[in-house]
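# Structural features, examined
As a plain string of letters, each chain reads:
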Amino acid sequence: MMQRCFLVLIWWIQAAQSSPCAHRYYGNDYTVCVCNSTYCDSIPEYDFSSASSYIRFTSDKAGQRFEKSEGFFSYETTPECSTRLFIHSTNLYQTIQGFGGAFTDSAVMNIKSLSKDAQENLLSAYFSMKGSRYNLGRVPIGGTDFSSREYTYSDNSDEKTSKLNFSLSGEEYEGKIPLLKKALELNPELRLIAAPWTAPPWMKTNNDYVNGSLKEEYYQMYTDYLLTFLEEYRDQGLGMWAISTGNEPITEYLKYVRINSMSWTPAAMATWVSRNLGPTLSKSRHNQTLIFGLDDNRGHLTSFFEEFLSYESCTNYITGTAIHWYQDDTTSASLLDQTHYKFPEKLLMLTEASIIPDTTKSKKPVSLGSWDRGERYMLNIIENLEHWVAGWLDWNFVLNQDGGPSWARNYVDASIIVNPVADEFYKQPMFYAIAHFSSFIPRNSVRIEVSQYNQSTGIKSVAFLTPNNEIVVVISNTSTKEQQVTIYDLHKGHISVRLEAKSFHTLIYKQLLCYQTNREYTLHRECKQNVRGPEKEEGKEK
């Protein structure tokens, strides 16, 4: 009886700290975490029991979700046949801006389809301190392919009028703006990135929402249209940190794609930015809003973005480039390095990623519980962060079980899927893949070097130094077998851990070196001490 009470007490203490995943299985190790109006799993809080301890969070295909364990650095002999990771915390790379997703009309409609309490739990899962702590949000300017209809904010005007007749949609006031405000309450560090898909059709060469280009005589009026959007949102207390030059300007040349779009050539975009968007924005009260170019796949970095920035008149107005993950499998990440080294002062931000089904194999858009899709997210985030990307944003925050709604029938998967009939939402492995980064790597963290010596090609890793003087190491094991990994830190010793098959891991420990504002490091007195954990627990987790 005493033992049972003790176990209940331990469970109660652990439950008070975090809520575990409520699994629902779909066969073949496909599992989601089910949330509703009264319950949702959360990410455990952590603290270090000593200067030599580390915390590990694990998610795996077998069903673990942010399982927390604690271990201690060791100076003993390391295991053989181990993949070795060497942390070089003085070798600094890019500063991280954050992680997030997009407030599309479809995402908003799906969130609003749930009860009020379920909506609260969903937003908390993304933005709160016990959730993913998202600090970036992409806000479409007007409709996208993930709207229930085609629209802009100036559909009631035409070529014969000189007035925009700008009006935000009902979707904005009834859903998107209130949800954005709630997200901002949950995380005041949330920054918003605005992105237009198309100008009003009457400003375009084909008078359509799809394809076509902007008529030159409307360059300034279209700029005024975008500035009016910024004004309207700012009046609602929602200022935009950045705005892009337009979503996927190359879409028109992909004849198999039919979504809201407007094509640009590098020369035309450079002319518009240098003569209209740049000067108008800089003279407005939105002059702190950044401008990102491209907003398309990284394969266009050399063919489009570099030519675009070759026009010196627009270079000073552009803060960076936004890229999408589509076609990453067929384009080298070295393009990111090339762009960084050519324009080192420009930010690289990945602003859209989603799983598009392979229709040739009759795959459904939504695959509930697919670990493979979560693994694709994990590996893509690691790859992009290793090549100078400073932020990573998912596409739709939320979709329904069909992968929509989408007026263009462009159905895709999402990190959270809603079931309004049951008043439930399902957190997929993709959700946890992103959260292994976003929950532990705050803004202004800096990527640091990891030298990896592999015994297994299934191990991928990336590391960061946070403003809180913590080292965060994210590791993926894509192997179907357990893998032994040893992490070395010059000033603390090493960590030896076994990584479960098909798993994600975030390891965190306190850095003993002091991170100075001038990016130089000096040893504190306590850093010079040979700090170790309890002898019985060295190199092991509990």
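Placed above this text is the structure.
For the structure given in this document, a descriptive report is provided here. Model, not experiment: these values are computed from the prediction.

## Notes on the overall build of the protein
The number of helices and strands found in the protein is eleven helices and 24 strands. Taking all 542 residues of the protein together, 59% fall into the buried category. Across the protein, contacts joining residues at least 24 apart in sequence account for 74% of those joining residues at least 6 apart. Of the roughly 22,600 Å² of accessible surface on the protein, a fraction of 48% belongs to carbon and sulfur atoms.

## Concerning the side chain of Thr58
When you line up the elements, Thr58 lands in strand β3 (residues 53-60). One polar contact links Thr58 to His505, side chain to side chain, over a distance of 3.1 Å. Setting aside chain neighbours within four positions, we find Thr58 in contact with Gln64, Arg65, Phe66, Glu67, His436, Glu500, Phe504 and His505.

## As for the sheet that holds strand β13 (residues 391-396)
Strand order around the closed barrel formed by eight strands is β6-β7-β8-β9-β10-β11-β12-β13, with parallel pairing between neighbours. Between one strand axis and the next, the sheet turns through 25° on average, direction left out of account. Relative to strand β7 (residues 136-141), strand β6 (residues 98-102) is paired through three bridges, and the arrangement is parallel. Each residue of the ladder has a partner; that of Ala102, found in β7, is Arg138. In the packing of helix α7 (residues 301-309) onto the sheet, contacts are made with β10 (290-297) and β11 (320-324), and the angle to β10 comes to roughly 160°.

## What about the state of the cysteines?
Within this structure, the stated rule accounts for two disulfides. Covalent S-S linkage joins Cys21 and Cys33, the inter-sulfur distance amounting to 2.0 Å. Judged by the sign of its S-S torsion, about -110°, the bond between Cys21 and Cys33 is left-handed. In this pair, Cys21 sits in the loop between α1 (2-17) and β1 (23-25) while Cys33 sits in strand β2 (residues 31-35), placing the two residues twelve residues apart along the sequence.

## A look at the sheet that holds β1
Read from one edge of the open sheet, five strands run β1-β2-β16-β15-β14, paired in mixed fashion. Edge positions in the open sheet fall to β1 and β14 (398-400), since each of these has one partner strand only. The sheet shows a mean angle of 35° between the axes of neighbouring strands, direction not considered. Most of the contacts of helix α2 (residues 105-112) go to β14, to which it runs at about 70°, and overall it touches β14 and β15 (416-419). Along the sheet, helix α11 (residues 429-438) makes contact with β2, β15 and β16 (424-427), crossing β16 at roughly 60°.

## Concerning the pairing of β15
In β15, alternate side chains face the same way, and those of Ile416 and Val418 on one face and Ile417 and Asn419 on the other are all buried. The pairing of β14 with β15 spans three bridges and is parallel. Paired with Leu399 across the strands is Ile417, a residue of β15. Relative to β16, β15 is paired through four bridges, and the arrangement is antiparallel. Within β16, the residue paired with Ile417 across the bridge is Tyr426. Here β15 hands over to β16 after four residues, with Asp423 in that stretch at a positive phi of 55°.

## Brief notes about the packing of helix α6 (residues 266-282) against α7
Helix-helix packing is characterised by the crossing angle of the two axes and by the distance between the axes. One can describe the packing of α6 onto α7 by two numbers: an axis separation of 9 Å at closest approach and a directional angle of 35°. Seen from above, α6 lies across α7 with right-handed handedness. Residue-level inspection shows Pro266, Met269, Ala270 and Val273 of α6 in contact with α7, the latter providing Ser303, Phe304, Glu307 and Phe308. For the contact of α6 with α7, a count of residues per class yields six nonpolar, one polar and one charged.

## Observations concerning the environment of Ser284
Here Ser284 lies in the loop between α6 and β10. Ser284 sits in the buried class, given a relative accessible area of 16%. In this structure the C-alpha to C-alpha distance between Ser284 and Leu227, which are 57 residues apart in sequence, comes to 8.5 Å. A polar contact is formed between the side chain of Ser284 and the backbone oxygen of Leu281, at a distance of 2.8 Å.

## Quick word on the packing of aromatic side chains
Scanning the model with the defined rule gives 43 aromatic pairs in all. Cluster of aromatic residues (ring-pair linked, three or more members): Tyr46, Phe48, Phe57, Phe66, Phe103, Tyr126, Phe127, Tyr134, Phe397, Phe431, Tyr432 and Phe440. Over the ring of Tyr432 we find Arg65, and its NZ or CZ is 5.4 Å from the ring centre. Directly above the aromatic system of Tyr151 lies the positively charged group of Arg149, at a separation of 4.2 Å from the ring centroid.

## Focus on the side chain of Ser106
Mapped onto the elements, Ser106 comes out in helix α2. On the basis of relative accessible area, Ser106 is assigned to the buried category, the value being 0%. Within the structure, Ser106 has its side chain in polar contact with the backbone oxygen of Pro405 (distance 2.4 Å). If sequence neighbours within four positions are ignored, Ser106 has contacts with Phe146, Ser147, Asn396, Val398, Leu399, Gly404 and Pro405.

## Brief notes about the pairing of strand β18 (residues 459-465)
Burial analysis of β18 places six of its seven residues in the buried class, which makes it a mostly covered element. Note: strand β17 (residues 446-453) against β18, three bridges, orientation antiparallel. For Arg447, the partnering residue across the bridge sits in β18 and is Phe464. Linking β17 to β18, which pair antiparallel, is a turn of five residues. Strand direction decides the pairing type here: β18 and strand β19 (residues 470-477), joined by seven bridges, are antiparallel.

## Some words on the environment of Asp60
One can find Asp60 in strand β3. Judged by relative accessible area, Asp60 falls into the buried class, the value being 4%. Taking C-alpha positions, Asp60 is 10.0 Å from Thr478, a pair spaced 418 residues apart along the chain. Not counting chain neighbours up to four residues away, the residues in contact with Asp60 comprise Arg65, Trp371, Glu500, Ala501, Lys502 and Ser503. Polar contacts involving the side chain of Asp60 include one to the main-chain amide nitrogen of Gln64, which spans 2.8 Å.

Cut-offs used in this document
Residues numbered from 1 in each chain as written. Predicted model: local features only at pLDDT ≥ 70, side-chain atom pairs only at ≥ 80, totals over all residues. Heavy atoms only, no water. Helix = DSSP H or I, 4+ residues; strand = E, 2+ residues; numbered from the N terminus. Buried < 20%, exposed > 50% of the residue type's maximum accessible area, 1.4 Å probe, protein only. Contact = heavy atoms within 4.5 Å. Areas by Shrake-Rupley, 256 points an atom, 1.4 Å probe, with all protein chains shown as cover. Polar contact = N/O pair within 3.5 Å; in protein donor to acceptor, adjacent residues only side chain to side chain. Pairing = 2+ DSSP bridges. Axes fitted to C-alpha atoms, helices over the stretch in contact; angles between N-to-C directions. Disulfide = S-S within 2.5 Å. Left-handed = near helix turned anticlockwise from the far one by under 90°. Nonpolar A, V, L, I, M, F, W, Y, C, P; charged D, E, K, R; others polar. Phe/Tyr/Trp six-rings, centres within 6.5 Å; stacked < 30°, edge-to-face > 60°. Lys NZ or Arg CZ within 6 Å of the ring centre and 35° of its normal.

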